[in-house]
Amino acid sequence: EKGRFPYGLANRLHLETREHVIRRELLFGEGSPANPDVLYESERNLRRLTFLHDNAQIETVPRPDGMVDVVVHVRDIWTTRPEISVRHEGGTTTGRLSFVEGNVLGFGKTAGISFRRELDRDSGGVLYKDSRLLGTRWTLETEYFDLSDGLTYLLDARRPFYSLLTREAGGAG
């Protein structure tokens, strides 16, 4: 079919989000009562994930024994963001080369690298974001960029509000 390359190849190389990454966003476990409020908040948590399509749905399916099965529907989105740009004007070449992956190996983590050459500044750096640091509800965001006129860096740790049952939230950067 026309138009399949390179998209068909890219889709074959794409790693889908791992099941445990989806399960960790759910505010209920197997055998828990199917509380509509908890299901709704779990659905909301899934929709905020940038590596999933924002139409996540959780549905209950009645069973003959009076219990229900909970079915979670999610769909991955394309999370690889390469960027290449080159411009030559007035005898000077400028440009950018960057690569950011928003779902590294299907674990829901973001990592990237970027290089820029501009008229007034050159820069290069890395970034990393983990929305579930060491399996907790803590988020870690880091960036380090070496610029021709100095350094810039970011370290931000937060425990966000993720449910009406959240007892505490906060952070520092």
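Residues numbered from 1 in each chain as written. Predicted model: local features only at pLDDT ≥ 70, side-chain atom pairs only at ≥ 80, totals over all residues. Heavy atoms only, no water.

Trainee: Is there a simple way to explain the overall build of the protein chain in this structure?
Mentor: Scanning the protein chain from terminus to terminus reveals three helices and nine strands. Since a compact globule built from 173 residues should have a radius of gyration of about 16 Å, the 21 Å found for the protein chain marks it as more spread out than a globular shape. Here the protein chain holds 173 residues, and 29% of them are scored as buried. Of all intrachain contacts in the protein chain linking residues separated by at least 6 positions in sequence, the fraction that spans at least 24 positions is 31%. Here the protein chain has roughly 12100 Å² of accessible surface; of this, 56% comes from carbon and sulfur atoms. Within the protein chain, the 26 negative side-chain charges are centred at a point lying 1 Å from the centre of the 24 positive side-chain charges. (Helix = DSSP H or I, 4+ residues; strand = E, 2+ residues; numbered from the N terminus. Rg over C-alpha atoms; globule rule 2.2 N^0.38 Å. Buried < 20%, exposed > 50% of the residue type's maximum accessible area, 1.4 Å probe, protein only. Contact = heavy atoms within 4.5 Å. Areas by Shrake-Rupley, 256 points an atom, 1.4 Å probe, with all protein chains shown as cover. Lys, Arg positive; Asp, Glu negative; His and termini not counted. Charge placed at Lys NZ, Arg CZ, Asp CG, Glu CD.)

Trainee: Would you mind showing me how to read the confidence of the model for the protein chain here?
Mentor: The predicted coordinates should not be examined in detail at positions where pLDDT is low. Summary statistics for the protein chain give a mean pLDDT of 91 and a share of 94% for residues scoring 70 or more. The secondary structure element of the protein chain with the lowest average pLDDT is helix 1 (residues 7-13), at 69, and the one with the highest is strand 6 (residues 122-130), at 97. (pLDDT = per-residue confidence, 0-100.)

Trainee: Would you mind showing me how to read the pairing of strand 5 (residues 109-117) here?
Mentor: Working note: regular strand, side chains alternate between the two faces of the sheet. Bridging between strand 4 (residues 92-101) and strand 5 involves seven bridges; their strand directions are antiparallel. Paired with R96 across the two strands is R116, which belongs to strand 5. For strand 5 and strand 6, the ladder comprises nine bridges, and the chain directions are antiparallel. Paired with R117 across the strands is D122, a residue of strand 6. As consecutive antiparallel partners, strand 5 and strand 6 are separated by four residues. (Pairing = 2+ DSSP bridges.)

Trainee: What is the right way to read the pairing of strand 8 (residues 150-159) from this model?
Mentor: Where strand 7 (residues 139-147) meets strand 8, nine bridges bridge the pair, whose relative direction is antiparallel. Paired with D146 across the two strands is L151, which belongs to strand 8. Adjacent in sequence and paired antiparallel, strand 7 and strand 8 are bridged by two residues. Both strand 8 and strand 9 (residues 170-172) contribute to a ladder of three bridges, which runs antiparallel. From the neighbouring strand, R159 faces strand 9, where its bridge partner is G170.

Trainee: Just checking my understanding: could you explain unusual backbone geometry for this structure?
Mentor: The phi angle of most residues is negative, glycine excepted, and most peptide bonds adopt the trans form. Residue L105 is not a glycine yet carries a positive backbone phi of 55°. Relative to the helices and strands, L105 is located in the loop between strand 4 and strand 5. Unusually for a residue other than glycine, L134 sits at a positive phi of about 50°. Within the element layout of this structure, L134 appears in the loop between strand 6 and strand 7.

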